Amino acid sequence: MLIVSVMAAQDATLYWLSKRIRNDVFVLYCFTDLGRPTEELRAMVAQRSAGIADLRVRLRELPWDLDYPQWRPCEFIAEQFLEHRLAEPTWLRVLDALGGLLGSGVDATVRPWRVHVFRGIVDAPGPGSGAAVVAVLQLSHALADGQRASQIGRALFSTESTDSATTPPPARAGVASNGVLIGSVTGLLGMPIRLVSTVARGYRAFRARQRLMSLTESGRVPPAGPGFVPSCVNRQVEKRISRREVRMLVFEAEQLRVPDRTVTVVLLTAVSSALSRYTAGRGEPVERLGAQVPMALPEPPTTRGTGPRNNYRSLSIDLFVAEPDLRRRAGKIAAELAARRSRARHPLLSMEDRVTAAIPAVILRRDVERYPIDSVPDSIAGHTVVSSVDRGRADLAFGGGSVRFSSGFPALGAVMHLTHGVHGLGDTIVVSLHADQAVVPDLDEYAQHLRDAIADTIEALTSAGM
């Protein structure tokens, strides 16, 4: 008997949002290319994915949004493995092709993921020698956030047998052949209950906000993150993102590790300098800069294994560009990051999530479709995104070739036209840049600013007197 499950409200929000703006998650791995036939690589992906529960589902929407879309079982199809033949097998050509891929989106109702492969790359950066194969796992954001996407990627390319570490949440189940009918009836009958629950939870959330405000005023909970005036990298464009560009800076992990500071703090400090220099060079210097930093949340014990696939909060971090001393600036950023994390983990904030979880699907979809995504507000949570994920040991392989490094590319939007990914795998850390060419037309210039800023930051944090 095949089982279907109903997706969580947070995941449905990202699915419906993807119909308005691309938000797929991309997980890149660079391996040594041993020259195995492409069909053998496709067969490996098919065989591995068959043992990964997250890669054996697709979405099915219900008529009139009577309830949230269903996750239904499915099998791998050949179209989920795409080999891209480049005019020249060079890293520059790979970067150009990635710019196009990041503007695409999977149809989660057909299959919510696929793998892109670039073979025989002769000059890939980072460790290793010889030709490289670049594999890019593309997933619907409804299927996974950055942390879960990394877990899926590890399961797909692991040298060990697959397990049930990633499983579809068994929210409400029914027989697959009758899933739409059962889901529609269940959703229709449950709508009054959801409405009552939304009102009740909304009241409790209101009381929780009052309590949180009181705790904040007394100093027992850190305040909310500050807002920032948009800069030249946040300006509104007439058309949707027309051309995306990516760059990757590959480092030995030890190069970015300094005493008493995390890699995330090191990179935030470097971004503060690089973005300051870049905006000043554009003739639009800023007095304050901020970054949004996604933070994975622990799954509550009450929802263990049945919670949403997207379980994170975005933290608003002041980058303290007015502080000229990089050591002091890094200290302030570290303290700011700790304060924002402390507030984000406070249980009172989870009351807002419980309201969203109870809203009837038809109402939430209407809200998503009406949400303004084509304008830049007067105050924003950050000028850029810095997303940091540790992807663990470098014990992955593809076609027999060992992994060299991994990367990812946080999505762009109406406000965010420049984002940063920081991804560690084994002894390498890759800092990726993803930009809208219409707003950031000189990404190589910014990349050089960032490279210089990383060097300056490392030197300042490792100098005497730290």
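First, a word on what this report is: a plain description of the structure on this page. Model, not experiment: these values are computed from the prediction. (Residues numbered from 1 in each chain as written. Predicted model: local features only at pLDDT ≥ 70, side-chain atom pairs only at ≥ 80, totals over all residues. Heavy atoms only, no water.)

1. Thoughts on the pattern of salt bridges
Test applied: By definition, a salt bridge exists where a carboxyl oxygen of Asp or Glu is found within 4 Å of a side-chain nitrogen of Lys or Arg.
One pass over the full model with this rule turns up 23 salt bridges. By sharing partners, the salt bridges in this structure join Lys 19, Glu 61, Arg 365 and Glu 369 into a single network.

2. Here we look at the packing of helix α1 (residues 9-18) against helix α9 (residues 361-370)
If you want to describe how two helices pack, look at the angle between their axes and the distance between the axes. Formally: Every angle, taken between N-to-C directions, lies between 0 and 180 degrees, and every axis is a line fitted to C-alpha atoms, over only the stretch in contact when it is a helix. Runs of H or I in DSSP of at least four residues are treated as helices and runs of E of at least two as strands, each being numbered from the N terminus. Any angle that is under 35 degrees is reported as roughly parallel, and any over 145 degrees as roughly antiparallel; angles of 65 to 115 degrees are reported as roughly perpendicular and all others as oblique. If you view the pair so one helix is near and one far, a crossing is left-handed when the near helix is turned anticlockwise from the far one by less than a right angle, and right-handed when it is turned clockwise. Working rule for contacts: check all heavy atoms of both residues, and any pair within 4.5 Å makes them a contact. Here the nonpolar group is Ala, Val, Leu, Ile, Met, Phe, Trp, Tyr, Cys and Pro; Asp, Glu, Lys and Arg are the charged ones; every other residue, Gly included, is treated as polar.
At a closest axis distance of 10 Å, the pairing of α1 and α9 adopts a crossing angle of 40 degrees. In terms of their interaxial angle, α1 and α9 are classed as oblique. In this structure, α1 crosses over α9, and the sense of that crossing is right-handed. Residue-level inspection shows Ala 9, Thr 13, Trp 16 and Leu 17 of α1 in contact with α9, the latter providing Ala 361, Leu 364, Arg 365 and Val 368. Its residues assigned to classes, the contact of α1 with α9 comprises six nonpolar, one polar and one charged.

3. Some points on the environment of His 423
Quick reminder of the rule: Under the rule applied, a polar contact is a pair of N or O atoms within 3.5 Å (in protein, one hydrogen donor and one hydrogen acceptor; residues adjacent in sequence only if both atoms are side-chain atoms).
Along the chain, the position of His 423 falls in strand β15 (residues 418-425). Taking C-alpha positions, His 423 is 9.9 Å from Leu 28, a pair spaced 395 residues apart along the chain. Those residues in contact with His 423, other than ones at most four positions away along the chain, are Ser 387, Val 389, Arg 391, Ser 406, Ser 407, Gly 408, Thr 428, Ile 429 and Val 430. At 3.3 Å, the side chain of His 423 and the backbone nitrogen of Gly 408 are in polar contact.

4. Brief notes about the environment of Glu 287
For the record, the criterion: When a residue's accessible area, from a 1.4 Å probe over protein chains only, is under 20% of the maximum for its type it is buried; when over 50% it is exposed; and in between it is partly exposed.
For Glu 287, the location among the structural elements is in the loop between α6 (263-281) and β10 (290-296). With a relative accessible area of 73%, Glu 287 lands in the exposed category. Considered as a pair, Glu 287 and Ala 322 are 35 residues apart in the sequence and their alpha carbons are 6.9 Å apart.

5. What to know about the sheet that holds strand β6 (residues 113-121)
Rules: Strand pairing requires that DSSP identify at least two bridges connecting the strands.
The strand order across the open sheet built from six strands is β5-β6-β7-β2-β14-β13, with neighbouring strands paired in mixed fashion. If you trace the sheet from one side to the other, it starts and ends with β5 (81-83) and β13 (397-398), each paired once. In the sheet, strand β2 (residues 25-32) pairs with strand β14 (residues 401-408) via five bridges, with the strands oriented antiparallel. The residue of β14 that forms the bridge with Val 27 is Gly 408.

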